[in-house]
Amino acid sequence: VFGMSTTATTGAAALIVAAGRGTRLGAELPKQYVPLNGACALRRSIDLYLGEEGNSQLCVVIHADDADLYADAVGSLCDPRLMSPVLGGATRAASVRAGLEAFEGNAPEKILIHDAARPFMPREVIEVVITALDRSAGACAALPVVDALWDAEDGLAAEPVARDRLWRAQTPQGFRFAPILAAHRAHSGTGADDVAVAREAGMAVRFVTGSEAGYKITTGDDLARALRDTAH
């Protein structure tokens, strides 16, 4: 089931991060494995990236306790681009580093890092991220903040916060492979996402317009939305 391509690649590879516990959802299973009308979020994310012929290798980072859940999620899927899963670390950044290092023997030119809990990102957004890497070392799907923002004290409005330069980061976050691997190896492991790791290393990261459809399944309301979105 877990094949690995031996063909040299120069296109975009994908790394799907699925090692988290997703405790905020309050489900019995980690959120990436919760059934969504026939396929869990992780399987849907895998299918999203394998659905494009131009995408090369794909690796999934999983928790050490989730080998059986992962095997059930991928089922009979047999695609030579799907590598064996890699075990994650204590932090998200540590998990990404482990995943990136799995590509070293057959390093791609570009790599997309994607959260398993975002299974509905439109393919056209993914393509825009890949294209943006032709002119930048990094690119991130993101949405500009449009709501009014306030700093608050004990639940009371204090000061408004300017929003004209603020973006909500999504995934995929794409990078040229060699620089992002070096950035992760030099990183402390505390970065909230891969843009933070890249910027710490001095890499330029360009924001490209993401999609509200690419929401992250985090809360019960998100799960209810995902179930509605997969009901037809």
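Residues numbered from 1 in each chain as written. Predicted model: local features only at pLDDT ≥ 70, side-chain atom pairs only at ≥ 80, totals over all residues. Heavy atoms only, no water.

> Whenever I open this one, the environment of A141 confuses me. Can you help?
Topologically, A141 is positioned in strand β5 (residues 138-144). Assessed through its relative accessible area of 0%, A141 is described here as buried. Ignoring anything within four residues of it in the chain, the contact list for A141 reads M121, V125, V129, R168, A169, Q170, T171, P172, V208 and G210. (Helix = DSSP H or I, 4+ residues; strand = E, 2+ residues; numbered from the N terminus. Buried < 20%, exposed > 50% of the residue type's maximum accessible area, 1.4 Å probe, protein only. Contact = heavy atoms within 4.5 Å.)

> Could you clarify how one ought to interpret unusual backbone geometry in this entry?
Generally, phi is negative for residues other than glycine and the peptide bonds are trans, each holding for most cases. Put simply, T171 and P172 share a cis peptide bond, and its omega is 20°. Tracing the chain through its elements places P172 in strand β8 (residues 167-176). Unusually for a residue other than glycine, N37 sits at a positive phi of about 50°. The topology assignment puts N37 in the loop between β1 (12-18) and α1 (41-50). Phi angles above zero are rare outside glycine, and D154 is one such case at about 55°. When you line up the elements, D154 lands in the loop between β6 (149-153) and β7 (156-161).

> I keep staring at the packing of helix α3 (residues 92-101) against helix α5 (residues 177-186) and nothing clicks. Help me out?
Helix-helix packing is described using two parameters, namely the angle between the two axes and the distance between the axes. Contact geometry for α3 and α5: axes closest at 10 Å, N-to-C directions at 135°. The orientation of α3 relative to α5 falls into the category oblique. The handedness of the crossing between α3 and α5 comes out as left-handed. Here A93, V96, R97, L100 and E101 of α3 come into contact with α5, specifically with F177, I180, L181, H184 and R185. Here the residues of the contact of α3 with α5 sort into six nonpolar, one polar and three charged. (Axes fitted to C-alpha atoms, helices over the stretch in contact; angles between N-to-C directions. Parallel < 35°, antiparallel > 145°, perpendicular 65-115°, else oblique. Left-handed = near helix turned anticlockwise from the far one by under 90°. Nonpolar A, V, L, I, M, F, W, Y, C, P; charged D, E, K, R; others polar.)

> Please explain the packing of aromatic side chains as it appears in this structure.
Aromatic ring pairs are defined here through the distance separating the ring centres and the angle between the ring planes. Under the definition given, this model contains three aromatic pairs. Ring geometry for F120 and Y215: centres 5.6 Å apart, planes at 45°, overall tilted. Taken together, the residues F120 in the loop between β4 (110-115) and α4 (123-132) and Y215 in the loop between β9 (205-209) and α7 (220-229) connect sequence positions 95 residues apart. Aromatic side chains W167 and F207 sit 5.4 Å apart centroid to centroid with 25° between the ring planes, which places their arrangement in the stacked category. Taken together, the residues span a long stretch of sequence, with W167 in strand β8 and F207 in strand β9 at a distance of 40 residues. Using a relative accessible area of 36% as the deciding quantity, one classes W167 as partly exposed. (Phe/Tyr/Trp six-rings, centres within 6.5 Å; stacked < 30°, edge-to-face > 60°.)

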